[in-house]
Amino acid sequence: MTLSFHAETFRDDYTFANSPAAIRAFPFPFDRDAYMYTVNIEQHVPGPVQSATEFPIHIDEHYVAEMRDRAITLAEDPLRCQSLPHMMTAEWDLLELLMTSMATHYPAHFTLSRDGDRWHWINRPMDVDQTFTFGDVSTLPQGPMEYVTRQCQGDFCLLDQREDNLWMDAGMVTSQADWSLDFDLGMNFMEWHAPVPLAHDLGVFERALKFLLNLQHGCPVRRLNWTMTINPRLDTSPENYHRWGIDKASVTPENVGDKVHLRVELQALWRLPRSNAIVFSIRGYLIKMDELVTQKKWARRFHRVLASLPQPIADYKGLGRFRDTTVAWLSRHDDGLPTSPGFAPD
Amino acid sequence: MSGGVQFPVRVAEIEAVSPAVKRLRLERHDGPSLPPYSAGSHTVLTLEARTLEGGTRRIRNAYSLLGTTLGGGPAYEIAVLRSPQSRGGSVFIHDQLAIGATLSMSAPVNLFPLHRTARRHVLVAGGIGITPIAAMARELAAAGQPFELHYAMRDEASGAFAAELAALYGPAMRLYVSQRQERIAVRDILAHQPVGTHLYVCGPERMIDGILGDARIAGWPDSALHAERFLAPEGGEPFAVKLARSGIATLVGEHQTLLEAIEAAGVDAPYLCRGGACGQCETPIVSADGTLLHADHFLTDDQKACGKTIMTCVSRLRGRELVLDL
Amino acid sequence: MKPSTIKSRPLYGTLAPVPQATQHIAIVEGEGALALADAFAGHEALRRTIILFSPIAHRADHDQTAVLTSLSCEALHLASNVQELLGTLVTILSTATMGTRLYVSGSEDFIGRVTSEALRQGIEMDAIQTEHRGAPTRRVQCVHCKGFIDGVSASPALCPHCGLHLLVRDHYSRRLGAFMGVSIDAESPGDLPPPEAFGA
Ligand code: HEM
Ligand code: FES
């Protein structure tokens with residue numbers, strides 16, 4: 001598949017927008033008219049053609065602009081990419097997974113040739129041509145995780161498995177929903193999930209962890225998570241919250257359609273072969289309300305989900321200042337008709 | 001498939017590395033190469049063994065993968081001890097399996113991984129327990145990580161790979177031959193290990209319990225202690241099993257595991273280790289007419305006592321009939 | 001403030017000598033000395049116990065020093081501040097063996113700093129016991145400028161490094177030995193609730 005990449009921004013003048021095809025491919029996360037935390041894990045098997053899950057690693061029209069935004073964020077704050085010393089093998093595993101998948105599914109844009117340990121990587125959209133020795137850090141300009149994730153959409157966490165737990169011991173996180181890699185680095189599954197309300201008591205994390213500890217190589221899984229962001233901003237980090245928090249106060253009935261975005265994370269997990277680590281990819285998708293309501297079913301459903309969202313979840317996601325305004329705006333797009341089951345638009 | 005990805009393989013080499021241990025080289029024959037794996041990983045082999053009556057019986061056994069094929073590629077290697085009291089898998093491999101035979105092998109799973117934040121590793125193997133332990137030594141040596149290896153065996157002839165390991169690791173490796181009255185001086189070994197050391201033991205159940213017990217007496221914290229507690233599932237008295245949801249009734253034979261009987265009845269039941277360690281095969285019990293014989297290391301004593309679930313890979317019933325929610 | 005049940009928030013117990021330990025190292029500050037005395041007084045473990053003590057300078061902790069001296073342990077190190085005490089700890093741990101157990105007691109921020117240093121030196125979490133004695137003060141990291149603030153007693157708190165007013169969250173990092181502080185008035189500048197002191 002040949003993509004044409006947008007020249008667009010995720011800060012300052014915010015020129016990000018979705019094409020009609022990207023709207024149709026948007027991974028809308030609600031298959032019913034209400035939302036609650038569940039262990040919503042499924043096999044990461046290929047989805048429909050031109051959907052977000054068609055390939056294991058999804059590259060789309062926003063690729064080049066997102067990678068440029070990541071580079072800006074990293075230049076301002078290098079701690080967004082960190083790796084504890086014992087994670088080097090997992091870093092190489094990740095590099096192999098991403099390069100192999102990108103080259104296999106987007107051959108027009110990426111090429112990987114391997115001759116034993118001698119690897120040759122070509123990334124045409126980013127104008128990269130790199131020969132290196134797999135396993136030899138000195139042959140790459142950065143560590144393997146940083147190198148490959150500067151060239152792959154989505155945030156990534158590498159999780160070491162020990163003591164029947166998973167430990168967030170490495171990651172590249174520049175477009176997060178208000179959590180800090182620097183703070184969470186070295187935490188285990190229960191610790192980094194500590195701030196999440198309700199789910200601990202529902203047993204969600206206990207069951208999810210038990211499942212993930214037995215995740216097998218070759219059998220990746222995925223789940224969807226979501227939040228809302230004002231302006232198409234990728235860097236909604238706690239580090240910069242004093243800069244972007246104020247945007248939440250800028251929502252008015254007039255600008256909801258343009259300013260308020262649904263932000264969906266397609267999260268996938270793979271067992272890595274050499275390190276026995278797990279990689280957790282957080283591939284984010286943004287869609288403004290004006291774009292969302294082009295799909296009638298999504299408009300109706302999102303209105304109902306947002307209106308009935310349990311208060312602790314709304315508070316945790318930080319929707320307080322603009323939830324009511326957005327619900328009122330969405331109500332104009334909800335005619336009260338029933339919605340069909342499933343995620344897909346009608 | 002419940003066991004995850006399966007690779008079709010052909011037996012490419014069989015070598016007797018000691019009178020009772022054979023090394024098998026299993027080559028993938030459908031094209032792509034096999035993925036790399038981490039030391040301590042095992043694979044599950046599916047064997048079609050001939051029965052005395054002339055039929056075939058499907059046996060699935062877990063075997064540790066050797067360090068020689070850590071990088072993946074055309075083949076994986078395992079070592080199999082001939083244990084006559086087992087349910088026949090190892091005897092079949094020793095007496096019937098020939099070069100060229102084809103079988104199915106599961107993707108590697110690691111339930112005995114190296115603790116990657118450790119600063120030093122003490123590896124202890126008894127007998128055939130050397131297979132995951134030697135793979136660990138190889139991985140650590142390649143990564144330049146400090147370790148020492150202690151290998152106990154009954155007599156010199158039974159110590160598979162001993163010469164090879166001694167040549168590779170020299171002073172980092174020590175052999176103990178019980179026939180020569182040599183015993184692992186566990187307490188001395190444990191007494192001088194610097195903070196940040198982790199201990200790994202694989203061998204007979206008694207040896208594991210003894211060494212881990214000594215480590216606790218020496219003040220080691222539990223998080224630094226690791227053991228491969230793989231059980232070779234044992235047979236037992238036959239009993240009936242009914243699967244409530246699928247409405248299937250069948251019999252668990254004396255040389256069969258409950259899991260194997262369920263699979264033979266055509267049900268794709270979950271599993272990973274087939275050794276009572278991983279928890280994957282945990283199945284809810286509807287009713288049990290008899291006594292549950294829990295043999296796993298996964299359920300707590302309380303859970304075993306309350307009898308709500310059973311690990312089908314190693315546990316069974318002494319009695320008439322077990323009804324499962326499956 | 002109500003005690004939190006958030007899963008990253010450390011829970012503290014009561015010190016008790018581990019009988020099998022080959023070496024005990026007790027690291028205590030201020031009133032933590034009394035927790036140690038409660039647990040170890042008259043115990044045979046004292047023969048294998050090294051005590052590192054940091055009195056709190058502005059308070060009369062002489063009694064506590066006397067209490068520790070009277071324990072007659074293997075060795076007693078007095079440090080004039082926490083930094084010095086951590087230096088001594090690192091030196092001792094560099095030659096320590098696996099039978100070593102740690103006992104930490106004092107204010108919450110002290111426990112955090114000692115624990116995070118011990119973990120960095122390769123001690124396992126389950127080889128460390130903690131008991132909270134003294135002030136419920138917290139060590140906070142400002143998520144914006146990454147500066148650490150010791151002895152924080154209430155939320156919101158002013159970050160002395162970057163000047164932002166911080167909500168002190170219950171989210172805690174063992175690696176950093178600190179709670180997270182995040183701007184409290186980012187969405188409505190200047191709108192500051194009155195500070196609320198931390199409970200024990
Ligand atoms: C193992 C890989 C995973 C990683 C690295 C990860 C990481 C995170 C992080 C960093 C947060 C934000 C916490 C905060 O507010 O500080 C979060 C939230 C959450 N996670 Fe995970 N997670 C993982 C897997 C899962 C799984 C398997 C589930 C399945 C149930 C799950 C459920 C949730 C939920 C429900 C939230 C709250 C999200 C919201 O309401 O916006 N996570 N996760
Ligand atoms: S399959 Fe692992 S416990 Fe049964």
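Residues numbered from 1 in each chain as written. Chains lettered and ligands numbered in written order. Predicted model: local features only at pLDDT ≥ 70, side-chain atom pairs only at ≥ 80, totals over all residues. Heavy atoms only, no water.

1. Observations concerning the overall build of chain B
Of the regular secondary structure elements, chain B holds 7 helices and 17 strands. Here the C-alpha atoms of chain B give a radius of gyration of 20 Å, agreeing with the 20 Å that 2.2 N^0.38 yields for 326 residues. Dimensions of chain B, computed from C-alpha atoms along their principal axes, come out at roughly 60 × 45 × 35 Å. Here chain B holds 326 residues, and 53% of them are scored as buried. Counted over contacts in chain B with a minimum sequence separation of 6, partners at least 24 positions apart contribute 66%. Summed over all atoms, the accessible surface of chain B reaches about 13500 Å², with 51% contributed by carbon and sulfur. Positive and negative charge centroids in chain B, built from 31 and 33 side chains respectively, lie 1 Å apart. (Helix = DSSP H or I, 4+ residues; strand = E, 2+ residues; numbered from the N terminus. Rg over C-alpha atoms; globule rule 2.2 N^0.38 Å. Buried < 20%, exposed > 50% of the residue type's maximum accessible area, 1.4 Å probe, protein only. Contact = heavy atoms within 4.5 Å. Areas by Shrake-Rupley, 256 points an atom, 1.4 Å probe, with all protein chains shown as cover. Lys, Arg positive; Asp, Glu negative; His and termini not counted. Charge placed at Lys NZ, Arg CZ, Asp CG, Glu CD.)

2. Brief notes about helix α2 (residues 130-143) of chain B
All names here are of chain B. The end-to-end C-alpha distance of α2 is 20 Å, a good match for the 20 Å that 14 residues give at a rise of 1.5 Å each. Burial analysis of α2 places 10 of its 14 residues in the buried class, which makes it a mostly covered element. Looking at the packing, one finds that the buried side of α2 touches β4 (56-64), β5 (75-81), β8 (120-126), β9 (147-153), α3 (162-169) and β11 (197-202). Positive backbone phi, at 70°, marks glycine 144, one or two positions downstream of α2. (Expected span 1.5 Å × (residues − 1).)

3. Structural notes on the sheet that holds strand β10 (residues 165-173) of chain C
Residue and element names in this part refer to chain C. Strand order in the open sheet formed by 5 strands is β7-β6-β11-β10-β9, with mixed pairing between adjacent strands. Across the chains shown, the open sheet's two edge strands, defined by having one partner strand only, are β7 (148-152) and β9 (157-158). With 3 bridges joining them, strand β6 (residues 138-142) and strand β11 (residues 178-183) adopt parallel strand pairing. From the neighbouring strand, cysteine 142 faces β11, where its bridge partner is glycine 181. (Pairing = 2+ DSSP bridges.)

4. A word on the site of ligand 1
All names here are of chain A. Ligand 1 sits among 22 residues. The nearest are Tyr37, Trp192, His193, Tyr316 and Lys317. Between ligand 1 and the protein, one listed contact pairs an oxygen atom with a side-chain N or O atom of lysine 317 at 2.8 Å. Going through the elements one at a time, α6 (189-192), α7 (204-213), β8 (221-230) and α12 (311-317) are the ones with two or more residues in the shell around ligand 1. The element that contributes the greatest number of residues to the shell around ligand 1 is α7, accounting for 4 residues. Tallied by class, residues from the shell around ligand 1 come to 17 nonpolar, 3 polar and 2 charged. (Near = heavy atom within 4 Å. Polar contact = N/O pair within 3.5 Å; in protein donor to acceptor, adjacent residues only side chain to side chain. Nonpolar A, V, L, I, M, F, W, Y, C, P; charged D, E, K, R; others polar.)

5. Focus on the coordination of the iron atom of ligand 1
Among protein atoms, the single one acting as a donor to the iron atom of ligand 1 is A:His193 (NE2), 2.0 Å away. Considering the arrangement of structural elements, one finds A:His193 in the loop between α6 and α7. (Donors = N, O, S within 2.8 Å, 3.2 Å for Na, K, Ca; no water.)

6. Observations regarding the interface of chain A and chain B
Often, the extent of an interface is quoted as the loss of accessible area on bringing the components together. Taken residue by residue, the interface counts 15 residues in chain A and 22 residues in chain B. Contact with chain B buries area across many residues of chain A, yet A:Asn214, A:Gln216 and A:His217 alone supply 34% of it, more than any other trio. Summed over the shared surface of chain A and chain B, the number is 0 salt bridges. Where chain A touches chain B, the interface holds 5 residue pairs in polar contact (both at pLDDT 80 or more). Residues that form the side of chain A that touches chain B fall into these classes: 2 nonpolar, 8 polar and 5 charged. (Buried area = accessible area lost by both parts, 1.4 Å probe. Salt bridge = Lys/Arg side-chain N within 4 Å of Asp/Glu carboxyl O.)

7. A look at the interface of chain C and chain A
Each side of the interface is counted separately: chain C has 25 residues, and chain A has 25 residues. Between chain C and chain A lies a buried interface of about 2100 Å² when both sides are counted; carbon and sulfur atoms form 58% of it. Where chain C touches chain A, the interface holds 6 salt bridges. A salt bridge links C:Lys146 to A:Asp182; its shortest N-O distance comes to 3.0 Å. Per-element accounting of the side of chain C that touches chain A gives the leading share, 5 residues, to β11(C). For the side of chain C that touches chain A, the class distribution of residues is 11 nonpolar, 7 polar and 7 charged.

8. Some details on the environment of C:Pro136
Residue and element names in this part refer to chain C. Examined against the element boundaries, proline 136 turns out to sit in the loop between β5 (128-132) and β6. Judged by its relative accessible area of 25%, proline 136 is partly exposed. The spacing of proline 136 and phenylalanine 198 is 62 residues in sequence and 6.3 Å in space, taken between C-alpha atoms.

9. A look at the packing of aromatic side chains
Evaluated as defined, the whole model comprises 27 aromatic pairs over all chains. Over the ring of C:Phe179 we find C:Arg138, and its NZ or CZ is 4.1 Å from the ring centre. (Phe/Tyr/Trp six-rings, centres within 6.5 Å; stacked < 30°, edge-to-face > 60°. Lys NZ or Arg CZ within 6 Å of the ring centre and 35° of its normal.)

10. Thoughts on the pairing of strand β13 (residues 239-243) of chain B
Residues and elements named next belong to chain B. The two faces of β13 differ: Phe239, Val241 and Leu243 on one face are buried, but Ala240 and Lys242 on the other face are not. Following β13, the chain reverses through 4 residues before pairing antiparallel with strand β14 (residues 248-252); glycine 247 in that reversal takes a positive phi of roughly 70°. One ladder, built from 4 bridges, connects β13 with strand β17 (residues 316-324); its direction is parallel. By the bridge assignment, alanine 240 is partnered in β17 with glutamate 321.

11. A short note on the domain arrangement of chain B
Residue and element names in this part refer to chain B. Partitioning chain B into domains gives domain 1 (6-110), domain 2 (120-228) and domain 3 (239-324). The C-alpha-based centres of domain 1 and domain 2 are spaced at 25 Å. Domain 1 puts 16 residues into the contact, and the matching count from domain 2 is 12 residues. Together, the buried faces of domain 1 and domain 2 total about 1200 Å²; carbon and sulfur atoms form 70% of this surface. Where domain 1 packs against domain 2, one counts 0 salt bridges. Counting across the interface, domain 1 meets domain 2 through 2 residue pairs in polar contact (both at pLDDT 80 or more). Looking at the side of domain 1 that touches domain 2, the elements that each hand over two or more residues are β1 (6-18), β2 (21-28) and β5. For the side of domain 1 that touches domain 2, the class distribution of residues is 9 nonpolar, 6 polar and 1 charged. (Domains from an automatic or database assignment.)

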